[in-house]
Structure formats: structure tokens, C-alpha cells
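# Coordinate analysis (summary)
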Amino acid sequence: WVNYAKKNGMKVRGHSLFDNVGFPPDIQQGKFSPDQMKAMMESHVKRFVTRYPEIEEWVVVNEPFWAAKGVAGYKPNPFYNAIGLDYVPFAFDLVKKYNSSAKRMLNSPGLESDNPFANFVFDKLEELKAQDRIETVGFETHAVYPLGGSLSNPDPLNFPSEEELISQMNRCGKMGLRTSVTELD
């Protein structure tokens, strides 16, 4: 796909280096020390980022946060379980190590309107930006069900207005971050 895109003047976004789903059982259920997990993460990034140096933007971490009962935090996954809060900045540093010109993205749902979850994520984005670890933010824009409904049971009260979406994207712009709508439904 990368060669096809290159031949046809298209850009490719690498998606995603670290997610919270889809692991083989030995990774999902494994008990790894922080050093073991960091070594696995580095091997993974090195393999893909150096294999595709022409990819200009990588979704480094996809959906690392969640909210339940009004409280936002990190989603448990093998990286978080082994390394803790530092796995997100570590992942961003690895991409820079292996392709210093690639733009690094955090992709998240729930950013479309001003809400406690979005505010939590924006705080994390500010930290990453202040540490020169991130350049772009992916808005998943599941506007039909950002924080409560579903495709079969949409919650129109949560549907963000155009003004809300623009305002939230402008929050990123004020931090010096580019935005992309990475998903839309």
C-alpha cells in the first residue's frame, strides 16, 4: 500500500503503533518488567518506522485514555501495566529516535466537545507538546455517540455543534498542534 500511495502521489499515515486492543495472548496476559516491555516497544517501532521511512505521520498511540463515571484516566493495556504513565511519552520518543522528521499523533475519541474527558486529554496533550513529543492530534469524531450513545442508540444530546468542534480543534491549534479528523461517523 505504501508503494501504491507513493506511485500515485498520496500520503500515508501509519496507524497505529500502540493501541489497547488486538494483542496476541502472550502479550495480553504476560507479566513483563518495565525494561522488557520497553525493549519490545522499541523493537516494534524500529521494525515499522524504519521499514517505511516515507510515512510522514504516525499514530503513535491510539485511544490511550478512557472515562467511566465521570473520571478519566489511562486505559489498562500491556504497555501501561508494565511501564505505567511513562509508556505514552516513551512511545513518542521512540518514533522520533527512528524517524526524526515524522509527525507524531495521538488519536482519541471524545474530543469533539468541551467535557471532562476531553479536558483530561487536552491536559495530557499540553504535557506532550511542552516536552516536544507530539505534533498532531487525531479526532475520531464519533459524533453520533461521543460519550454515551451507540450507533444503534445514538444520543443526539451529545452531538457536538460545528462551533464546538471548531472550538476544540482551535484548542489544539493554540498549543501548536495540527488536527486531523481520523474517523467520522
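Calculation notes
- Residues numbered from 1 in each chain as written.
- Predicted model: local features only at pLDDT ≥ 70, side-chain atom pairs only at ≥ 80, totals over all residues.
- Heavy atoms only, no water.
- Helix = DSSP H or I, 4+ residues; strand = E, 2+ residues; numbered from the N terminus.
- Rg over C-alpha atoms; globule rule 2.2 N^0.38 Å.
- Contact = heavy atoms within 4.5 Å.
- Areas by Shrake-Rupley, 256 points an atom, 1.4 Å probe, with all protein chains shown as cover.
- Lys, Arg positive; Asp, Glu negative; His and termini not counted.
- Charge placed at Lys NZ, Arg CZ, Asp CG, Glu CD.
- Pairing = 2+ DSSP bridges.
- Axes fitted to C-alpha atoms, helices over the stretch in contact; angles between N-to-C directions.
- 1 Å grid on protein atoms, 1.4 Å probe; cavity = no way out; pocket = protein on both sides within 12 Å on 5 of 7 lines; lining within 4 Å.
- Points joined across faces, edges and corners; volume = space filled by probe spheres on them.
- Left-handed = near helix turned anticlockwise from the far one by under 90°.
- Nonpolar A, V, L, I, M, F, W, Y, C, P; charged D, E, K, R; others polar.
- Buried < 20%, exposed > 50% of the residue type's maximum accessible area, 1.4 Å probe, protein only.
- Right-handed = clockwise from strand over helix to strand, strands pointing away.
- Phe/Tyr/Trp six-rings, centres within 6.5 Å; stacked < 30°, edge-to-face > 60°.
- Lys NZ or Arg CZ within 6 Å of the ring centre and 35° of its normal.

When helices and strands are counted, the protein shows seven helices and seven strands. Starting at the N terminus and ending at the C terminus, the protein contains elements arranged as α-β-α-α-β-β-β-α-α-β-α-β-α-β. Here the C-alpha radius of gyration of the protein, 17 Å, is about what a compact globule of 185 residues would show, namely 16 Å. When its C-alpha atoms are laid out on the principal axes, the protein stretches across 45 × 45 × 35 Å. Long-range contacts, defined here as pairs at least 24 residues apart, represent 77% of the contacts in the protein between residues at least 6 apart. By element, 52% of the accessible surface of the protein is carried by carbon and sulfur atoms, the whole surface being about 10,300 Å². A gap of 8 Å separates the mean positions of the 21 positive and 24 negative side-chain charges of the protein.

Okay, the environment of Ile 55 next. Here Ile 55 shows up in the loop between helix H3 (34-51) and strand S2 (57-62). In this structure, the C-alpha to C-alpha distance between Ile 55 and Val 12, residues 43 residues apart in sequence, is 5.7 Å. Among residues more than four places away in sequence, those in contact with Ile 55 are Val 2, Val 12, Arg 13, Gly 14, Asn 99 and Ala 102.

Picture the strands of a sheet paired through backbone hydrogen bonds; they go either parallel or antiparallel. Taking strand neighbours across the sheet as the criterion, the five strands line up as S1-S2-S5-S6-S7 in an open arrangement whose pairing is parallel. On the outer flanks of this sheet lie strand S1 (13-14) and strand S7 (178-181), each paired with one strand and no other. The pairing of S1 with S2 spans two bridges and is parallel. Paired with Gly 14 across the two strands is Trp 58, which belongs to S2. With respect to the sheet, helix H6 (residues 116-130) is in contact with strand S5 (103-108) and strand S6 (136-139), its orientation differing from that of S5 by roughly 165°.

Further remarks concern the layout of surface pockets. Approximately 250 Å³ is the volume found for the second largest pocket. Around the second largest pocket sit 13 residues that line it, and Leu 17, Phe 18, Phe 23, His 44 and Phe 79 are the ones nearest its centre. In terms of residues, the lining of the second largest pocket owes the most to one element, H3, which gives four residues.

On to the packing of H3 against helix H5 (residues 87-98). One way to put it is that H3 packs onto H5 with a least axis distance of 9 Å and a crossing angle of 40°. The handedness of the crossing between H3 and H5 comes out as right-handed. Only Tyr 87, Phe 90, Ala 91, Leu 94, Val 95, Lys 97 and Tyr 98 of H5 make contact with H3, whose side of the interface consists of Lys 38, Met 41, Glu 42, Val 45, Lys 46, Val 49 and Thr 50. Here the residues of the contact of H3 with H5 sort into nine nonpolar, one polar and four charged.

Burial along S6 is two-sided: Thr 136 and Gly 138 facing one way and Val 137 and Phe 139 facing the other are all buried. One crossover worth recording links S5 to the parallel S6 by way of H6, and it is right-handed.

Our focus in this paragraph is the packing of aromatic side chains. Per the stated rule, a full pass over the model turns up eight aromatic pairs. With 5.7 Å between their ring centres and 15° between their planes, Tyr 74 and Tyr 80 make a pair best called stacked. By relative accessible area, Tyr 74 is classed as buried at 15%. Taking relative accessible area as the criterion, Tyr 80 reaches 28% and is therefore assigned partly exposed. On the numbers, 6.4 Å between centres and 85° between planes, the contact of Tyr 74 with Phe 120 is edge-to-face. One end of the pair, Tyr 74, is in strand S4 (residues 71-74); the other, Phe 120, is in helix H6, with 46 residues separating them in the sequence. Neither residue differs from the other here; Tyr 74 and Phe 120 are each classed as buried. One aromatic cluster is present, formed by Phe 18, Phe 23, Phe 79 and Tyr 87 through successive ring pairs. Above the face of the Phe 90 ring, Lys 38 is positioned so that its terminal group lies 5.3 Å from the ring centre.

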